[in-house]
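What follows is each chain in one-letter form.
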Amino acid sequence: MNETTPLPGIKLFDLTGRTALITGGSKGLGHAMAAGLASAGADVMLVSRHLDEAQAAAANIAHDFGRKAIGRAADVTSPEQVDAMLAAAERELGKVDILINSAGINIRAPIAELTPEQFDEVMRVNVRGTWLCCRAVLAGMRARKWGRIINLGSALGLIGLAGRTPYTASKGAVIQMTRTLALETAADGITANAICPGPFLTEMNTAIADSEDGQKFVIGATALKRWARLEEIQGAAIYLASEAASYVTGATLTVDGGWTAQ
Ligand SMILES: NC(=O)c1ccc[n+]([C@@H]2O[C@H](COP(=O)([O-])OP(=O)(O)OC[C@H]3O[C@@H](n4cnc5c(N)ncnc54)[C@H](OP(=O)(O)O)[C@@H]3O)[C@@H](O)[C@H]2O)c1
């Protein structure tokens with residue numbers, strides 16, 4: 001066997017025996033990524049502020065993939081609720097190997113029409129929430145010398161767009177936070193990476209999808225000239241959570257139909 005031959009017995013994208021905590025898992029990209037991880041063998045806990053929605057999403061995943069899937073309510077902006085969420089995940093899943101921070105919000109308007117409270121709200125969920133959840137999982141990951149942290153940035157963390165000052169600022173911050181976390185955790189067997197999606201048809205984008213201008217914008221902005229399908233986020237999440245990405249940390253992986261390539 002020469003040095004470039006893959007090691008026998010290592011299944012690059014297999015997550016059997018892994019456990020994952022997915023914030024924002026009740027819908028949209030978080031739900032899709034949770035389903036992706038479960039399809040690769042992981043047990044999952046899905047979190048959102050609405051228990052009924054998180055539990056319904058978890059039940060779907062348990063049914064579809066035969067994995068353990070639990071729904072839990074937590075507000076990621078609350079340190080107490082984040083700690084309780086982690087304790088529940090460790091109790092019910094045994095450990096948390098993989099954290100996906102997909103909880104996020106967007107408030108769109110020109111800067112002159114926004115209030116400081118609206119700016120703070122976007123930063124609270126997207127930046128503080130992500131930071132709190134990253135901070136919470138580290139002790140367990142460090143003790144086990146293995147961990148995968150996947151944060152949701154955005155194409156709009158890499159480029160600007162009029163009418164999105166809070167959101168672009170928050171996603172730029174998430175990307176920078178992820179890079180710094182990668183440096184802080186590299187010695188402990190933990191990787192931290194950001195996925196930067198382009199336009200996916202989720203609840204967050206209903207208003208854009210419903211308007212003719214919004215539709216034109218998405219088709220014009222993306223090289224692939226279309227919205228992404230929800231399942232098109234799953235490969236990136238499985239990859240970054242798996243052994244296949246063991247040498248990938250501090251990276252931003254765009255899944256944006258070529259939006260930021262131009
Ligand atoms: N969709 C896109 O095109 C796109 C593009 C780039 C980046 N992203 C990013 O990808 C992530 C997921 O977006 P999405 O489109 O899937 O959004 P979505 O469909 O609106 O789902 C957002 C999820 O976050 C949860 N959430 C919001 N605030 C929360 C809080 N304070 N605590 C706990 N959970 C909270 C929501 O549940 P509750 O409301 O019940 O709490 C829901 O489960 C976000 O970070 C977003 O910025 C999305």
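In short, a report on the structure. The structure presented is a predicted model; accordingly, all values stated were derived computationally and were not measured.

Parameters and conventions
- Residues numbered from 1 in each chain as written.
- Predicted model: local features only at pLDDT ≥ 70, side-chain atom pairs only at ≥ 80, totals over all residues.
- Helix = DSSP H or I, 4+ residues; strand = E, 2+ residues; numbered from the N terminus.
- Buried ≥ 20, exposed ≤ 12 C-beta atoms within 10 Å, placed from the backbone.
- Contact = placed C-beta atoms within 7 Å.
- Near = placed C-beta within 6 Å.
- Nonpolar A, V, L, I, M, F, W, Y, C, P; charged D, E, K, R; others polar.
- Axes fitted to C-alpha atoms, helices over the stretch in contact; angles between N-to-C directions.
- Parallel < 35°, antiparallel > 145°, perpendicular 65-115°, else oblique.
- Left-handed = near helix turned anticlockwise from the far one by under 90°.
- Pairing = 2+ DSSP bridges.
- Right-handed = clockwise from strand over helix to strand, strands pointing away.
- Expected span 1.5 Å × (residues − 1).
- Core = buried A, V, L, I, M, F, W, Y, C linked by C-beta atoms within 7 Å.

1. Thoughts on the overall build of the chain
No. 1: Counting its secondary structure elements, the chain contains eight helices and seven strands.
No. 2: Dimensions of the chain, computed from the C-alpha atoms along their principal axes, are close to 55 × 45 × 40 Å.
No. 3: By the burial criterion, 46% of the 262 residues in the chain qualify as buried.
No. 4: For the chain, restricting intrachain contacts to residue pairs at least 6 apart in sequence, the fraction spanning at least 24 positions comes to 71%.

2. Overview of the site of the ligand
No. 1: Taken together, 29 residues lie near the ligand, and Gly 24, Gly 28, Arg 49, Gly 104 and Thr 202 sit nearest.
No. 2: Those elements giving two or more residues to the shell around the ligand turn out to be helix H1 (28–39) and helix H4 (116–144).
No. 3: Ranked by residues supplied to the shell around the ligand, first place goes to H1 with three residues.
No. 4: Residues that form the shell around the ligand fall into these classes: 10 nonpolar, 14 polar and five charged.

3. Description of the packing of H1 against helix H8 (residues 234–241)
No. 1: The N-to-C vectors of H1 and H8 enclose an angle of 55°; their axes lie 8 Å apart at closest approach. Relative to H8, the element H1 is oriented oblique. H8 is crossed by H1, and the crossing has right-handed handedness. Counting all contacts with H1, which are made through Ala 32, Met 33, Gly 36 and Leu 37, the residues of H8 involved are Gln 234, Ala 237, Ile 238 and Ala 241.
No. 2: Its residues assigned to classes, the contact of H1 with H8 comprises six nonpolar, two polar and no charged.

4. Some thoughts on the pairing of strand S3 (residues 69–73)
No. 1: A large share of S3 lies buried, amounting to four of its five residues.
No. 2: One ladder, built from five bridges, connects strand S2 (residues 43–48) with S3; its direction is parallel. The residue of S3 that forms the bridge with Leu 46 is Gly 71.
No. 3: Note that the unit made of S2, helix H2 (residues 51–65) and S3 has a crossover that is right-handed.

5. Some words on helix H5 (residues 165–185)
It helps to recall that an α-helix has 3.6 residues per turn; residues three or four apart then point in one direction.
No. 1: Compared with the 30 Å implied by 1.5 Å per residue over 21 residues, the 30 Å span of H5 between its first and last C-alpha is a close match.
No. 2: Looking only at H5, the buried set comprises Pro 166, Tyr 167, Thr 168, Ser 170, Lys 171, Val 174, Ile 175, Thr 178, Leu 181 and Thr 185.
No. 3: As for H5, its buried residues are in contact with H4, strand S5 (147–152), strand S6 (190–197) and strand S7 (252–255).

6. Brief notes about unusual backbone geometry
No. 1: Phi angles above zero are rare outside glycine, and Lys 145 is one such case at about 60°.
No. 2: Take Lys 145: it is sitting in the loop between H4 and S5.
No. 3: The exposure class assigned to Lys 145 is exposed, which follows from the 10 C-beta atoms found within 10 Å.
No. 4: Despite not being glycine, Lys 225 shows a phi value in the positive range, around 60°.
No. 5: Take Lys 225: it is sitting in the loop between helix H7 (212–221) and H8.

7. Description of H1
No. 1: With 12 residues, H1 should cover 16 Å at 1.5 Å per step; its first-to-last C-alpha distance of 17 Å lies within 8% of that length.
No. 2: Of all 12 residues that make up H1, 11 are buried, and the element is covered over most of its length.
No. 3: Taken residue by residue, H1 has Gly 28, Leu 29, Gly 30, His 31, Ala 32, Met 33, Ala 34, Ala 35, Gly 36, Leu 37 and Ala 38 as its buried positions.
No. 4: Phi for Gly 41, located one or two positions after H1, is positive at around 115°.

8. A word on the sheet that holds S5
No. 1: Taken in spatial order, the seven strands make up an open sheet running S3-S2-S1-S4-S5-S6-S7, and their pairing is parallel. The open sheet has two edge strands, S3 and S7, and neither has a second partner. Taken over all neighbouring pairs, the strand axes of this sheet differ in orientation by 20° on average, direction set aside.
No. 2: In this structure, strand S1 (residues 19–23) lies alongside strand S4 (residues 98–101), joined through four bridges in parallel fashion. Counted as the bridge partner of Leu 21 is Leu 99 from S4.

9. Digging into the nonpolar core
No. 1: Residues Leu 37, Val 44, Leu 46, Leu 99 and Ala 237 are the most contacted members of the largest nonpolar core, which totals 68 residues.
No. 2: A per-element tally of this core places H4 first, with nine residues.
No. 3: When neighbours within four sequence positions are excluded, Ala 237 is seen to be in contact with Met 33, Gly 36, Leu 37, Ile 100, Ile 150 and Ile 195.

Worth remembering: the numbers are spatial, not functional.
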